[in-house]
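Close look at the chain arrangement
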There are 4 protein chains.
Amino acid sequence: MPRGRTKGDHEAKRAEIAEAACQVILRLGIAQTSLSEISREMGYTTGILRHYFADKEELLLYAKNLFFDRSFERARAAAIRHDGIEKLRAMAISLLPTDTESVDRYRLLATFNGHAIGNSRLMKLQQKRNVRHWHVFEEVITALIESGDLPAQLNPRLEACGILAMIDGLADQVIMEPGAWSTNELVPLLSRYIESLRKPASLAPQMGRTAKQRSA
Amino acid sequence: MPRGRTKGDHEAKRAEIAEAACQVILRLGIAQTSLSEISREMGYTTGILRHYFADKEELLLYAKNLFFDRSFERARAAAIRHDGIEKLRAMAISLLPTDTESVDRYRLLATFNGHAIGNSRLMKLQQKRNVRHWHVFEEVITALIESGDLPAQLNPRLEACGILAMIDGLADQVIMEPGAWSTNELVPLLSRYIESLRKPASLAPQMGRTAKQRSA
Amino acid sequence: MPRGRTKGDHEAKRAEIAEAACQVILRLGIAQTSLSEISREMGYTTGILRHYFADKEELLLYAKNLFFDRSFERARAAAIRHDGIEKLRAMAISLLPTDTESVDRYRLLATFNGHAIGNSRLMKLQQKRNVRHWHVFEEVITALIESGDLPAQLNPRLEACGILAMIDGLADQVIMEPGAWSTNELVPLLSRYIESLRKPASLAPQMGRTAKQRSA
Amino acid sequence: MPRGRTKGDHEAKRAEIAEAACQVILRLGIAQTSLSEISREMGYTTGILRHYFADKEELLLYAKNLFFDRSFERARAAAIRHDGIEKLRAMAISLLPTDTESVDRYRLLATFNGHAIGNSRLMKLQQKRNVRHWHVFEEVITALIESGDLPAQLNPRLEACGILAMIDGLADQVIMEPGAWSTNELVPLLSRYIESLRKPASLAPQMGRTAKQRSA
DNA sequence: TATGAATGAGTCTTCATTCAT
DNA sequence: AATGAATGAAGACTCATTCAT
């Protein structure tokens, strides 16, 4: 082999760099995340980054995708062992921030989301990830409706959005006060939400914000 | 001396600057928000900022507080005209992102939250705001339990967290795809969630992520 | 006047900076002309350049224009005191590099021309300057033809190009060996060239590079 | 050992690299010409250059010489088939930029000349090339004077400079607007210039720039 | 109060060069 | 001979901050 180095290393190194970048972000915040700090995190010098990424933006983008695009695979994997509405519940719960690693993942998500505000290019990329995410849920919900496990009047797209909202919202709370919420509290909360999809009667005729119908 | 309004003007100018800062953040993203851009937004030059804020950090902090500390007052105000569980619903709905202004408020929130990751000082400040926020809900929920409108076994603190999670989570979704979700969809979703608090039977005995108990 | 500084300074400072840039280019070459060297040349620090120029390219462009766009005004001024073919001669001679200052001007010209190769944007700008330059000559030649001072069969555009070529070519030679050519040598050479425009008989029937007509 | 050609290959590779360097310079400009771009132009990677050149400067110098040192051989070759003043004309015309290749040669010349400004070492090298260049013309002119084809009062050194100036000056114009000047225009112009050497009467008594003598 | 000139540190980016393979 | 990983220095550019007016 006349190659000075092997080719496989390249992608692995990109991942290593991305990992380092995430560590720095979590430690110092994205505003203080400099390339020199990232390379120092790895024990290298700045110049090396150029071998693997065209510029800082590409590096951050890669880092973002590397970690988040995997999360919905996790959800799919969690679903596979369950049936009926349990499938939905298993998926949702698998996405909850339950340990340091998953909390950090949500901290990174919050970072990248915040970073995308005001940057339409980044925002579009975040959108895409998000859409892919709730497609996973949408599919399962649609199947559950067809199988009769969930009421027919549910809008799968909206319900997928709702579940994701609940999960992300809880994650936001956990991020903010890591010690304040235990898995034992969050799981039942999320379970009850999913359970509530089965009796969506009250969803019927509600309009806008003045909503006075129920007082009748 | 007729300059009695001097101090008031001073505070008014601080608010004006903070407003400009938020506009710039929404337009360019916080990473691209420079002091010169903020002053240009107002039609002034950089030097003026020094008269009103010690440094950039103070300015951003002030901007953040100015807009977010008001949001839960809005919720309180919305609650006042309602009774029973309707009070809770009205508060929640009043916080939903329904127009450009409120969407922008959540975009700013996402920005500041992301910006606080990795910066413990900022994070603590965000926490405080958040705590104050769900205290408002906690109080109302506690009152509703006492009045019998909500089941006694509910944990007010946790339920407040849940409602806020739902609202913030929905806001996150709206931020990402502003046109995708209408108020007519979000309000019933949120209403159903609040409705589900009334029958928390299923909340009882759920553990961890394996959760197979209910299939018995 | 509530102004911190006067406005007139601004343009003057730009010229001062441009002047410094040219000095550095002449001393170190354009490849070694860094912004820090330019600011050091002026006794300032690097940051100041940003007040007056968006980036390095704009600075260099401004420097180029500042010095070269004036040169053909010099030619026009030189022409004004003369008539007939003497006008042409006076213009041409006024453009010759005769002292340190004018030699430096041609050294800068060579630098900027070389710098524009491979950069179509810069090249277009150089073109424009050049075109304006020989328009000055073209006009005078056209007038001299009409007045009968020069033969009617001359192509003013081509002859303008020829005179400029002669001048620039001589300047190139002078640049390369500053001491080798005296004004006393160059002026007669250029004069004879201009003189030769009066008897353009031989210009008639010459084609391409094989040119065998004279052997007849 | 059948590697008798090793050294020849080495030199051939140097030329190949130099050729690539020139292509990159013409495409991107010398300021943007990086070693990695040069090696990429050849389909190699950066490391290879080290085997053939000590550093970048040596490479560029080699590239410069490779192409320009050949040009006056071209002139000599063109001269050989002609006699009398035709010899001079043939030489001059052979140096005119008439096709893409020769235009590119002058573009490179302008680049290297510009690059040498402010760098005395490079400037001296350019000088040497230039001197060799007009020595070729000087010799021919001297011979033509001796043979009576040109007037005795001509200064061969100065006239060589003049012819080169005319050629280089025209080349400068062609470089700037490649499509603007045809060979059919340039050749007669240059021919007339050379023709004018035969009647150098007017060269006699001209001084400085005030030159009013001829109006007597 | 407001300006804008000037600073200077920090960051990204480029790139020639080295070297193990 | 050729690769490409890694270095490290240098340069452009950004920007918060200071300050004389």
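Look up: the structure comes first, before these words.
Residues numbered from 1 in each chain as written. Chains lettered and ligands numbered in written order. Predicted model: local features only at pLDDT ≥ 70, side-chain atom pairs only at ≥ 80, totals over all residues. Heavy atoms only, no water.

**Some points on the overall build of chain A**
When its secondary structure is counted, chain A shows 10 helices and 0 strands. Order of helices (α) and strands (β) in chain A, N terminus to C terminus: α-α-α-α-α-α-α-α-α-α. Each of the 216 residues in chain A was classed as buried or not, and the buried ones make up 55%. Here the contacts in chain A between residues at least 6 apart in sequence split such that 63% fall between residues at least 24 apart. Accessible surface for chain A amounts to roughly 10,000 Å². Of this, 53% is attributable to carbon and sulfur atoms. (Helix = DSSP H or I, 4+ residues; strand = E, 2+ residues; numbered from the N terminus. Buried < 20%, exposed > 50% of the residue type's maximum accessible area, 1.4 Å probe, protein only. Contact = heavy atoms within 4.5 Å. Areas by Shrake-Rupley, 256 points an atom, 1.4 Å probe, with all protein chains shown as cover.)

**Notes on the protein's contact with DNA strand F**
Lining the immediate environment of DNA strand F, one finds 32 residues, of which A:His51, B:Leu35, B:Lys56, C:Lys56 and D:His51 sit closest. Here, DNA strand F places atoms within 4 Å of the protein, and 71% of those atoms are sugar or phosphate. In this structure, C:Lys56 approaches DNA strand F through a side-chain N or O atom, which is 2.5 Å from a phosphate oxygen. Between a phosphate oxygen of DNA strand F and a main-chain N or O atom of D:Thr45, the distance comes to 3.2 Å. Each residue belonging to the surface near DNA strand F can be placed in one class, and the counts come to 8 nonpolar, 13 polar and 11 charged. (Near = heavy atom within 4 Å. Polar contact = N/O pair within 3.5 Å; in protein donor to acceptor, adjacent residues only side chain to side chain. Nonpolar A, V, L, I, M, F, W, Y, C, P; charged D, E, K, R; others polar.)

**Here's the deal with the relation of the copies chain C and chain D**
For the pair chain C and chain D, the superposition axis carries a translation of 0.0 Å, the fit reaches an RMSD of 0.1 Å, and the rotation angle comes to 180 degrees. Those values place the two copies in the arrangement expected of a two-fold rotation axis. (Least-squares fit on C-alpha atoms with pLDDT ≥ 70 in both.)

**A short note on the interface of chain C and chain D**
Across the contact, 69 residues belong to chain C and 70 residues belong to chain D. When chain C packs against chain D, the two sides together hide about 6,100 Å² of surface, and 57% of this comes from carbon and sulfur. The tally of links between chain C and chain D comes to 4 salt bridges. D:Arg192 is the partner of C:Glu159 in a salt bridge, and the nearest nitrogen-oxygen pair spans 2.8 Å. Inspection of the chain C/chain D interface yields 8 residue pairs in polar contact (both at pLDDT 80 or more). Elements with a minimum of two residues in the side of chain C that touches chain D: helix H1 (8-28), helix H6 (85-95), helix H7 (100-116), helix H8 (120-146), helix H9 (156-176) and helix H10 (183-195) of chain C. (Buried area = accessible area lost by both parts, 1.4 Å probe. Salt bridge = Lys/Arg side-chain N within 4 Å of Asp/Glu carboxyl O.)

**Describing the interface of chain A and chain B**
Contact with chain A, which involves 68 residues of that partner, is made by 70 residues of chain B. Our count for the chain A to chain B interface comes out at 4 salt bridges. If you look at where chain A meets chain B, you find 8 residue pairs in polar contact (both at pLDDT 80 or more). When contributions to the side of chain A that touches chain B are tallied by element, the ones reaching two or more residues are helix H1 (8-28), helix H6 (85-95), helix H7 (100-116), helix H8 (120-146), helix H9 (156-176) and helix H10 (183-196) of chain A. A per-element tally of the side of chain A that touches chain B places H9(A) first, with 15 residues. For the side of chain A that touches chain B, the class distribution of residues is 29 nonpolar, 22 polar and 17 charged.

**Focus on the pattern of salt bridges**
Evaluation of the coordinates by the stated rule reveals 54 salt bridges over all chains. Linking B:Glu86 and B:Arg89 is a salt bridge whose minimum nitrogen-to-oxygen distance equals 3.1 Å. Highlighted residues: B:Glu86 and B:Arg89, both in helix H5 (residues 85-95), separated by 3 residues, approximately one helical turn. Assessed through its relative accessible area of 17%, B:Glu86 is described here as buried. A relative accessible area of 3% places B:Arg89 in the buried class. A salt bridge links C:Lys13 to C:Glu16; its shortest N-O distance comes to 3.6 Å. Separated by 3 residues within a single helix, C:Lys13 and C:Glu16 lie in helix H1, roughly one turn from each other.

**Comments concerning the protein's contact with DNA strand E**
By nearness alone, 32 residues border DNA strand E, and A:Arg50, A:Lys56, B:His51, C:His51 and D:Lys56 come closest of all. Close to the protein, within 4 Å, the atoms of DNA strand E belong to sugar or phosphate groups at a rate of 69%. Between a phosphate oxygen of DNA strand E and a main-chain N or O atom of A:Leu35, the distance comes to 2.8 Å. In this structure, a phosphate oxygen belonging to DNA strand E sits 2.9 Å away from a side-chain N or O atom of D:Arg50.

**Remarks on the packing of aromatic side chains**
Note on aromatic pairs: each is described by the distance of the centres and the angle between the planes. A complete count under the given rule lists 10 aromatic pairs over all chains for this structure. Over the ring of A:Tyr62 we find A:Arg14, and its NZ or CZ is 4.5 Å from the ring centre. (Phe/Tyr/Trp six-rings, centres within 6.5 Å; stacked < 30°, edge-to-face > 60°. Lys NZ or Arg CZ within 6 Å of the ring centre and 35° of its normal.)

**A closer look at the nonpolar core**
Residues A:Leu88, A:Phe137, A:Ile163, B:Leu88, B:Phe137 and B:Ile163 are the most contacted members of the largest nonpolar core, which totals 147 residues. Ranked by size, the runner-up nonpolar core spans 146 residues in total, among them C:Cys22, C:Ile30, C:Leu61 and C:Cys161. (Core = buried A, V, L, I, M, F, W, Y, C linked by side-chain atoms within 4.5 Å.)

**Description of the packing of helix H3 (residues 56-68) of chain B against helix H7 (residues 120-146) of chain B**
All names here are of chain B. Contact pair H3 / H7: the axes reach a minimum separation of 12 Å and the direction vectors enclose 15 degrees. Our classification of the angle between H3 and H7 gives roughly parallel. Helix-helix and strand crossings are classified by hand; for H3 and H7 the assignment is right-handed. Seen from H3, the contacting residues are Glu57, Leu61, Lys64 and Phe68; seen from H7, they are Arg121, Leu122, Leu125, Gln126 and Arg129. Here the residues of the contact of H3 with H7 are counted per class, giving 4 nonpolar, 1 polar and 4 charged. (Axes fitted to C-alpha atoms, helices over the stretch in contact; angles between N-to-C directions. Parallel < 35°, antiparallel > 145°, perpendicular 65-115°, else oblique. Left-handed = near helix turned anticlockwise from the far one by under 90°.)

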